[in-house]
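Okay, here's what each chain looks like letter by letter:
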Amino acid sequence: MAQLRQSVIEPPCDIVVFSYAWTHSHIAARDILQQKPGIIGVDVERDEDGELHEVVLATTSRVYRISAPSQRRGMPDTALSAILCGRHPGITLVAFDLAPISLCISDRTQIAVKGVELNSTLGDAQMAPSEIIKRHMSSTKVQSFNLDNLWAPNNISATATSLRAWISVMYVSYSSIFRFRSLMASISVGNNCKSAEQTLLAKLIREEWILRRAAPREVQSEFTSHQITKEGRLLLTNARYKTRVRASRQTRVIINYENQESTVGRATGAHGRRSEIKIKRGVRGQAISSVTVVGAPSRTNAERARDEFILDVCCGRKPGLQSYAFIRHLWFPVAEELQGEIHESVQRRSIYGLNQSQSEVVGSMVHSPRPCIIVHGPPGTGKTKTISAAVEVWAKHGRATWAVAHSNVAVKNIAESIARRGVDFRLIVSQDFYVEWHESIYTAIEQKLIRSDEFPPDTGSLARFIGDARVILSTVSMLSNPKLEQLRMYNDVMPVERLVIDEASQINVFDYMPLCAKFKKLRKICFFGDPKQLPPYGKDNARTIESIYDLSHLTRYSHFLNTQYRMPVPLGDFISDTVYGGRLMSAHQITDPSCIVFVDARRGHGGGEELQGCSQINRDEVQVIRNLVEQYHRAEKNFCVITPYDAQRAEISRDLESVGLPSDRVFNVDSFQGTPL
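Residue numbers restart at each chain and count upward from 1, following the sequence in its written direction. Owing to the predicted nature of the model, reporting of local features is limited to residues with pLDDT of at least 70; listing and counting of side-chain atom pairs is limited to 80 or more, with chain, interface and lining totals taken over all residues. Computation of side-chain values covers all heavy atoms of the structure but excludes hydrogens and water.

Chemist: Explain the overall build of the protein chain to me, please; I cannot follow it from the model alone.
Modeler: Helix numbers and strand numbers start at the N terminus; a helix is a DSSP run of H or I with at least 4 residues, a strand a run of E with at least 2. The number of helices and strands found in the protein chain is 25 helices and 29 strands. Between the two quantities, the radius of gyration covers C-alpha atoms and the globule rule is 2.2 Å times the number of residues to the power 0.38. For the protein chain, whose C-alpha radius of gyration is 28 Å, the value lies close to the compact-globule estimate of 26 Å for 677 residues. Dimensions of the protein chain, computed from the C-alpha atoms along their principal axes, are close to 80 × 70 × 55 Å. Each of the 677 residues in the protein chain was classed as buried or not, and the buried ones make up 52%. Put simply, the protein chain shows about 31300 Å² of open surface, and 48% of that area lies on carbon and sulfur atoms. Here Asp and Glu are counted as negative and Lys and Arg as positive; His is not counted, and neither are the chain ends. Lysine's charge is taken at NZ, arginine's at CZ, aspartate's at CG and glutamate's at CD. Charge-centre separation for the protein chain: the mean point of 82 positive side chains lies 5 Å from the mean point of 72 negative side chains. Burial here depends on accessible area, computed with a 1.4 Å probe over protein chains only, as a share of the maximum for the residue type. Under 20% is buried, over 50% is exposed, and the range in between is partly exposed. All accessible-area figures derive from a Shrake-Rupley calculation using a 1.4 Å probe, and residue coverage is judged against the displayed protein chains alone.

Okay, here's the thing in structure tokens:
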């Protein structure tokens, strides 16, 4: 037994915490039932692999931590299983984010957890726990940041999981929320998900948990200037899009001044490069030395859509996963649904401007009855060109087509390629990405843009703006923007019938699941990417994450673009032999091996790589790169610098700027991906 002091909800109090082995769980259940609680809060503590480590149950005065069984197994019919699966009369299990909690428990113990999801009604689903509690417990004072921090994905302490379960039961017991019980989501995993579906969802949630836990707790922001307004707020001009300070109720901003003083604030707004930060006190006349954002950022639209989809499946608002054709194609394959060939004369038909492998891909995209087309395209093999050729064919026949990619730059490249073919289209771009950050890259297609902050006011206005265009482009994440659904984009304006996904090797297959359920008229998905290049984000941390290229039942039907035009022949041949098993041919005017030079940058004075945060820098390499750039710049030669580490990119950029050399051609591997040479 231990005492836990809580101060996130007024008044502060002590909570008694009991710990039990799984074999003694009946003792915990007996003690809980003796209190006649009515409402029980629940949470879980996971191990480093995202597996269940402890089940955490709470009443208004006590917390019970019950260690999970050492291996997956069914649980006998005990008092604890009756509590967890809702069979005990007069007891209701409650939690914030109950769907992933219930899947975690049921995956390990085979107990079909049943309970009530607390943030699923009255518009609360997209709100932070502190906002929900303040909304329904207006007389209760809460420490908002500390309360939200309990639900931060990288807060895996026993204190956090105990308090999450306790706060859940306190919220229900001391608010009027259960008046709306009929509107709340009742989770019943066993009734609404088949066993295979539960296993899949539990795996995907484990991976998501690992990714969120591995996300940095602090992010150093780069900025160019700042000022204090008359109202005492800090206006910060961000230097980099990636590290910009974003408005969020769930993060805090630490401002350090050069005189060693510091203050804390919260970002209340952001527009373009500028962020507005409400600070407790400003130090006028003092320069800021650093700005650090602390805490977990707000969930993205795509993450929220994924969470909502899982909740809807677990509570029965949506049918089981296998009710959706494309979810079956990806995760529960039925052989006859995936088969189908086109006539060889069509498959071998050459298309003007395309090589043979590109022509074959376009033929399959346009004519094959298979619902999923997988294309493996090494660098420089014309993936964008092939996509635009197929889109042109569909557009000429009036077929609705959506072309999306992981990154904004890849979407922009597709748009420019389609524009050169004379195809009418519209490109939806995020206000955050566009305004004051990347406006210049859209100059050639500006008239085709739909900014996310300038959506037409209603469905009719949106349809009129799109006009006769039958092609829409966006990032994958933009497909989850709730405004598009409110405007009935996918139902009435431009149904997603054909979906082309570029950079598919960088996308977690989990991201496709809610989309497969959302698009009712979807007939074909065409995936383009290269599994030999960048993997899905977080693969290093959660090694079970898969891209579409890891699904063997689909890749056996895949196409390979076999000719690259970007790299000099010696480099192309080397890449072909070492990476692509000799399958990649090269067509390039440079054939001399002298096009490749290896430079030893070591200077022998204790140099080498230095750890900087989660990244690395190498100052010896920075010096060598400065010398090379100086020579190229003096000779008026075009150049770019690519480095694996973002900290090294920032160090190279700063060094070049310090001596008046251009720094806008310095990239990390991720930011350069898809950039045309």
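Chemist: Got a minute to help me understand the pairing of strand β21 (residues 498-502) in this structure?
Modeler: Every other side chain in a regular strand lies on the same face of the sheet, so the side chains alternate between the two faces. Of all 5 residues that make up β21, 5 are buried, and the element is covered over most of its length. Neither face of β21 is exposed, since R498, V500 and D502 on one face and L499 and I501 on the opposite face are all buried. Strand pairing is assigned whenever DSSP detects at least two bridges linking the two strands. Of the pairings in the sheet, the one linking strand β17 (residues 401-405) to β21 comprises 5 bridges and is parallel in character. Note on β21: the bridge partner recorded for W402 is L499. Of the pairings in the sheet, the one linking β21 to strand β22 (residues 524-529) comprises 4 bridges and is parallel in character. Across the sheet, the residue bridging to I501 is F527, located in β22.

Chemist: I tried to follow the sheet that holds strand β18 (residues 426-429) on my own but got confused; where do I start?
Modeler: Backbone-to-backbone hydrogen bonds pair the strands of a sheet. The strands run either parallel or antiparallel. Judged by pairing direction, the sheet is parallel, and its 8 strands sit side by side in the order β19-β18-β20-β17-β21-β22-β16-β23 without closing on themselves. Each end of this open sheet is capped by a strand with a single partner; those strands are β19 (449-451) and β23 (559-560). Inspection of the sheet shows β18 paired to strand β20 (residues 471-475) by 2 bridges, in the parallel sense. Across the sheet, the residue bridging to L427 is L473, located in β20. Here a residue-residue contact requires only that any non-hydrogen atoms of the pair lie within 4.5 Å. Axis geometry follows a simple rule: fit a line to the C-alpha atoms, using only the stretch in contact for helices, then measure angles between N-to-C directions, giving values from 0 to 180 degrees. Across the sheet, helix α14 (residues 383-396) is in contact with β17, β20, β21 and β22; its angle to β21 comes to roughly 170°. The strands that helix α15 (residues 408-420) touches are β17, β18, β20 and β21; relative to β20, the one it contacts most, it runs at about 160°.

Chemist: I would appreciate a short explanation of the environment of I132 in the present structure.
Modeler: Tracing the sequence through the fold places I132 in helix α4 (residues 129-136). Once the C-alpha coordinates of I132 and V666 are considered, the two residues, 534 residues apart in sequence, prove to be 44 Å apart.

Chemist: Whenever I open this one, the sheet that holds strand β10 (residues 223-228) confuses me. Can you help?
Modeler: Spatial ordering of the open sheet is given by β9-β15-β12-β13-β14-β11-β10, a layout of 7 strands whose pairing is antiparallel. Edge positions in the open sheet fall to β9 (218-221) and β10, since each of these has one partner strand only. Averaged over neighbouring strand pairs, the angle between their axes works out to 30° when direction is ignored. Looking at chain direction, strand β13 (residues 262-271) and strand β14 (residues 274-279) are connected through 6 bridges and run antiparallel. Bridging across to β14, G269 finds its partner in E276.

Chemist: I would appreciate a short explanation of the packing of helix α3 (residues 98-109) against helix α8 (residues 195-214) in the present structure.
Modeler: Geometrically, a packed helix pair is captured by the angle between its two axes and the distance between the axes. Interhelical geometry of α3 versus α8 gives an angle of 115° and a closest axis separation of 9 Å. The chirality of how α3 crosses α8 is left-handed. Along the contact surface, α3 presents P100, L103, S106 and D107, while α8 presents Q198, T199, L201, A202, I205 and R206. Asp, Glu, Lys and Arg are counted as charged, while Ala, Val, Leu, Ile, Met, Phe, Trp, Tyr, Cys and Pro are counted as nonpolar; the rest, among them Gly, fall into the polar class. By residue class, the composition of the contact of α3 with α8 is 5 nonpolar, 3 polar and 2 charged. Rotating anticlockwise by less than a right angle from the far helix to the near helix defines a left-handed crossing, while the corresponding clockwise rotation defines a right-handed one.

Chemist: What should I look at first to understand the state of the cysteines in this one?
Modeler: Two cysteines joined by a covalent bond between their sulfur atoms form a disulfide. Throughout, disulfides are identified as pairs of cysteine sulfur atoms within 2.5 Å of each other. Under the counting rule described, the total for this entry stands at 0 disulfides. C315 takes part in no disulfide bond, and the closest cysteine sulfur to it belongs to C314, at a distance of 7.7 Å.

Chemist: So what exactly am I meant to see when it comes to the packing of aromatic side chains here?
Modeler: Note on aromatic pairs: each is described by the distance of the centres and the angle between the planes. Pairing of aromatic rings covers Phe, Tyr and the six-membered ring of Trp, with a centre-to-centre limit of 6.5 Å; geometry is then stacked below 30 degrees between planes, edge-to-face above 60, and tilted otherwise. Scanning the entire structure with this criterion turns up 13 aromatic pairs. Here the aromatic rings of Y241 and F433 are separated by 5.4 Å at their centres, their planes lie at 90°, and the arrangement is edge-to-face. Taken together, the positions of Y241 in the loop between β11 (234-238) and β12 (252-257) and F433 in helix α16 (residues 431-438) put the pair 192 residues apart, joining distant regions of the chain. Given the relative accessible area of 23%, Y241 is considered partly exposed. When its relative accessible area of 7% is taken as the criterion, F433 is described as buried. An aromatic cluster of three or more residues is present, and its members are Y241, F433, Y434, W437 and Y442.

Chemist: I would appreciate a short explanation of α14 in the present structure.
Modeler: An α-helix turns once per 3.6 residues; consequently, residues spaced three or four apart project the same way. The span one expects for a helix is its residue count, reduced by one, times 1.5 Å. Helix length check: α14 (14 residues) gives 20 Å between terminal C-alpha atoms against 20 Å at 1.5 Å per residue, within 8%. Residues of α14 that are buried include every one of K383, T386, I387, S388, A389, A390, V391, E392 and W394, and no others.

Chemist: Looking at this model, I keep getting lost on the pattern of salt bridges. Mind explaining?
Modeler: For side chains of opposite charge, pairing can occur when their charged atoms come near one another. Salt-bridge detection follows one rule: a side-chain nitrogen of Lys or Arg within 4 Å of a carboxyl oxygen of Asp or Glu. By the definition in use, this model includes 38 salt bridges. E51 is the salt-bridge partner of R206, the closest N and O atoms lying 3.8 Å from each other. Taken together, the positions of R206 in helix α8 and E51 in the loop between β3 (39-46) and β4 (52-58) put the pair 155 residues apart, joining distant regions of the chain. The shortest N-O distance in the salt bridge between R626 and D655 comes to 2.7 Å. Of this pair, R626 sits in helix α23 (residues 619-634) while D655 sits in helix α24 (residues 646-658), and the two are 29 residues apart along the sequence. A residue is classified by how much of its surface remains accessible, and D655, at 15% relative accessible area, is buried.

Chemist: Help me understand the packing of helix α13 (residues 356-367) against α14 in this model?
Modeler: Remark: α13 packs on α14, axes separated minimally by 9 Å, with the N-to-C direction vectors making an angle of 40°. By the angle between their axes, α13 is oblique relative to α14. Considering only the axes of α13 and α14, their crossing is right-handed. The segment α13 lies against α14, with Q358, V361, V362, M365 and V366 engaging K385, T386, A389, A390, V393 and W394. Residues of the contact of α13 with α14, tallied by class, amount to 8 nonpolar, 2 polar and 1 charged. Each angle gets one of four labels, with under 35 degrees taken as roughly parallel, over 145 as roughly antiparallel, 65 to 115 as roughly perpendicular, and the rest as oblique.

Chemist: What am I meant to see in the environment of Q35 here?
Modeler: Here Q35 shows up in the loop between α1 (25-34) and β3. Q35 sits 27 residues away from R62 along the chain, and the two C-alpha atoms are 9.9 Å apart. Each residue touching Q35, except ones within four places of it in the same chain, is listed here: T59, S61, R62 and Y64. Pairs of N or O atoms within 3.5 Å make up the polar contacts considered here, provided that, within protein, one atom can donate a hydrogen while the other can accept it, and that residues adjacent in sequence are counted only when both atoms are side-chain atoms. A polar atom in the side chain of Q35 sits 3.1 Å from the side chain of T59.

Chemist: What exactly am I supposed to notice about the domain arrangement of the protein chain here?
Modeler: A common way to report how large an interface is uses the accessible area buried once the components associate. The domain boundaries here were taken from an automatic or database domain assignment. Split by domain assignment, the protein chain resolves into domain 1 (2-214), domain 2 (218-295), domain 3 (324-561) and domain 4 (597-672). Computed over C-alpha atoms, the centres of domain 2 and domain 4 are 28 Å apart.

Chemist: Can you walk me through the side chain of T251 in this structure?
Modeler: On the secondary structure map, T251 appears in the loop between β11 and β12. When residues no more than four places from it in sequence are discounted, the contact partners of T251 are F145, R266, V293, V294, G295, A296 and P297.

Chemist: Whenever I open this one, unusual backbone geometry confuses me. Can you help?
Modeler: Look at the link from E10 to P11: it is a cis peptide, with omega at -5°. Its identity is not glycine, yet K36 carries a phi of approximately 50°, on the positive side. Within the secondary structure layout, K36 lies in the loop between α1 and β3. The phi dihedral of E503 is positive, around 60°, even though this residue is not glycine. Its place among the elements puts E503 in the loop between β21 and α20 (513-518).

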